[in-house]
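Structure at a glance
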Amino acid sequence: AQTVTQSQPEMSVQEAETVTLSCTYDTSESDYYLFWYKQPPSRQMILVIRQEAYKQQNATENRFSVNFQKAAKSFSLKISDSQLGDAAMYFCAYRSPPNSGNTPLVFGKGTRLSVIA
Amino acid sequence: GAVVSQHPSWVICKSGTSVKIECRSLDFQATTMFWYRQFPKQSLMLMATSNEGSKATYEQGVEKDKFLINHASLTLSTLTVTSAHPEDSSFYICSARSGAYQPQHFGDGTRLSIL
C-alpha cells in the first residue's frame, strides 16, 4: 500500500518570506498523482496544487510551487511571499493511476503552518 | 463548478441514536464517492469508497454495520452512523468525483458530537 509521510508537524514563516513543506511517499507504481491540500480552521479542504508523475516539469500555481523528485519520491511545496491567509494545515496526498481501481486519495499526517506578521 | 454539498454541518445527538449525513454533488454526476473521518489535529482517514449502484467498499477496521453507506444515485451518498456512541464523535468529510481521471472534490464536512 502507498504511504505518504510529512515529517514536519509544525512550521512557521514570517509574512512575505518563503517556506518549504516536505513530503515523501512510498510506492511501487510508476504513474500516479500527487497533491497538496490546504485545510484552514474552517476545515474545508482546498486543492492547492497537483502534479502528474509522468510530467517532469514542476507544477506552479501563483505563489505555490512544488519540487517533484520522482527518483527520491519527494514532493515538497514551496510557498513564496507568505501571507497571513496561508496559515492552515497542509496535507500532501497520493493517488494511484485511474486504471488501478477506485484510487482514493491517501493523505499524509499534515503540517500546520503558522504565518507570523 | 464541481461543488459538493454536505449536510448537516454540525449535529449533536444523544448516545444510542442514529445519525444520517448527506453528501450531494450539485453540478456533476459523482460516479464515486469517498467518506473520510478526521480526529482533531489529525489527518483524514478513508472509511469507505462507494460507486453508484454498488455496495460500498470499507477500509480495514471500519465497521460496516456501524457506518452504513448508501450511494443510490449519481448525486447523492449518505452515511448513517447507527447507534452512535461518544467514541463516534468526529469530523466526517465526503468527497466525490465524476470519473476515474477526474479530481476529488470535497464537502465542507460534518462535525458529529455524541453526548
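One can find the structure itself at the top, above this paragraph.
Here the residue numbers are simple positions, counted from 1 along each chain's written sequence. Starting at A for chains and at 1 for ligands, labels are handed out in the order in which the entities are written. Only residues with pLDDT of 70 or above have their local features reported here, since the model is predicted, and side-chain atom pairs are shown and tallied only from 80 upward, although totals for entire chains, interfaces and linings are computed over all residues. Neither water nor hydrogens contribute to the side-chain values; these are computed over all heavy atoms in the structure.

In this section: the overall build of chain B. The helix and strand labels rest on DSSP assignments: H or I over at least four residues marks a helix, E over at least two residues marks a strand, and numbering proceeds from the N terminus. Each helix and strand counted, chain B has 0 helices and 11 strands in total. A compact globule built from 115 residues would reach a C-alpha radius of gyration of about 13 Å, and chain B, at 13 Å, matches this within 12%. Over its C-alpha atoms, taken along the principal directions, chain B stretches across nearly 40 × 25 × 25 Å. Burial status follows relative accessibility: with a 1.4 Å probe on protein chains alone, a residue under 20% of its type maximum counts as buried, one over 50% as exposed, and anything between as partly exposed. Across the 115 residues of chain B, 48% fall into the buried class. Only the protein chains shown count as cover for residues, and all accessible areas are computed by the Shrake-Rupley method using a 1.4 Å probe. Carbon and sulfur atoms form 51% of the exposed surface of chain B, whose accessible area is close to 5700 Å². Two residue types count as positive, namely Lys and Arg, and two as negative, namely Asp and Glu; His and chain ends fall outside the count. Where a charge lies is defined by one atom per residue type, namely NZ (Lys), CZ (Arg), CG (Asp) and CD (Glu). Taken together, the 10 basic and 9 acidic charged side chains of chain B have centroids lying 3 Å from each other. Note on method: radius of gyration uses C-alpha positions; expected globular size equals 2.2 Å times residues raised to 0.38.

Let's shift gears to the interface of chain B and chain A. Contacts are residue-level and defined by heavy atoms, with any inter-residue pair within 4.5 Å sufficient. Across the boundary between the two partners, chain B contributes 24 residues, which contact 19 residues of chain A. For this document, the term salt bridge refers to a Lys or Arg side-chain nitrogen within 4 Å of an Asp or Glu carboxyl oxygen. Across the contact surface, chain B and chain A share 0 salt bridges. A 3.5 Å cut-off defines polar contacts: any pair of N or O atoms within that distance qualifies, except that in protein one atom must be a possible hydrogen donor and the other a possible acceptor, and neighbouring residues in sequence count only when both atoms are side-chain atoms. Our enumeration of links across chain B and chain A arrives at 8 residue pairs in polar contact (both at pLDDT 80 or more). Listed by contribution, the elements that provide at least two residues to the side of chain B that touches chain A are β4 (32-38), β5 (44-51) and β9 (90-97) of chain B.

This paragraph deals with the state of the cysteines. Working definition: a disulfide is two cysteine sulfur atoms within 2.5 Å of each other. On inspection of all chains with the given rule, the structure shows 2 disulfides over all chains. Here C23(A) is linked by a disulfide to C92(A), with a sulfur-sulfur distance of 2.0 Å. Where C23(A) bonds to C92(A) through sulfur, the torsion about that S-S bond is close to -70°, and the disulfide is left-handed. Pair noted here: C23(A) is in the loop between β3 (19-21) and β4 (24-26) and C92(A) is in strand β10 (residues 88-95), with a separation of 69 residues, a long-range link. With a relative accessible area of 2%, C23(A) lands in the buried category. Across the disulfide from C23(B) sits C94(B); the S-S distance is 2.0 Å.

This part covers the nonpolar core. Burial of nonpolar side chains together is a common tendency in soluble globular proteins. To define a nonpolar core, start from buried Ala, Val, Leu, Ile, Met, Phe, Trp, Tyr and Cys residues and group those joined through side-chain atoms within 4.5 Å. Grouped together as the largest cluster of nonpolar side chains are 25 residues, with contacts concentrated most on Y25(A), W36(A), F75(A), L77(A) and Y90(A). Here the element with the most residues in this core is β10(A); it accounts for 4 residues. Ignoring any residue separated from it by four or fewer positions in sequence, one finds F75(A) in contact with C23(A), Y25(A), L34(A), F35(A), W36(A), Q51(A), V66(A), N67(A), F68(A) and C92(A). Core analysis: the next-biggest nonpolar cluster, separate from the first, contains 23 residues, F28(B), A48(B), A96(B) and I114(B) among them.

Here the idea is plain: a probe the size of a water molecule rolls over the atoms and shows the empty space left. Using a grid of 1 Å spacing that covers the protein atoms alone, one calls a set of points a cavity when a 1.4 Å probe fits there but cannot get out, and a pocket when the set is open and has protein on both sides within 12 Å along at least five of seven lines; lining residues are those with an atom within 4 Å of a point. Grid points are joined across faces, edges and corners, and a volume is the space filled by probe spheres set on the points. Considered as a void within the structure, the largest pocket measures approximately 670 Å³ in volume. Contributing to the lining of the largest pocket are 32 residues, with V106(A), L44(B), M45(B), L46(B) and E59(B) lying nearest its centre. Of all elements in the fold, only β10 and β11 (106-107) of chain A together with β4 and β5 of chain B reach the threshold of two or more residues within the lining of the largest pocket. At 5 residues, the largest contribution of residues to the lining of the largest pocket is made by β5(B). Gly is placed with the polar residues, together with every amino acid not listed as nonpolar (Ala, Val, Leu, Ile, Met, Phe, Trp, Tyr, Cys and Pro) or charged (Asp, Glu, Lys and Arg). Looking at the lining of the largest pocket, its residues break down into 13 nonpolar, 13 polar and 6 charged. One number sums up the size of the second largest pocket: a volume of about 200 Å³. If you list the elements that add at least two residues to the lining of the second largest pocket, you get β10 and β12 (111-116) of chain A. Looking at the lining of the second largest pocket residue by residue, the class counts come to 9 nonpolar, 4 polar and 3 charged.

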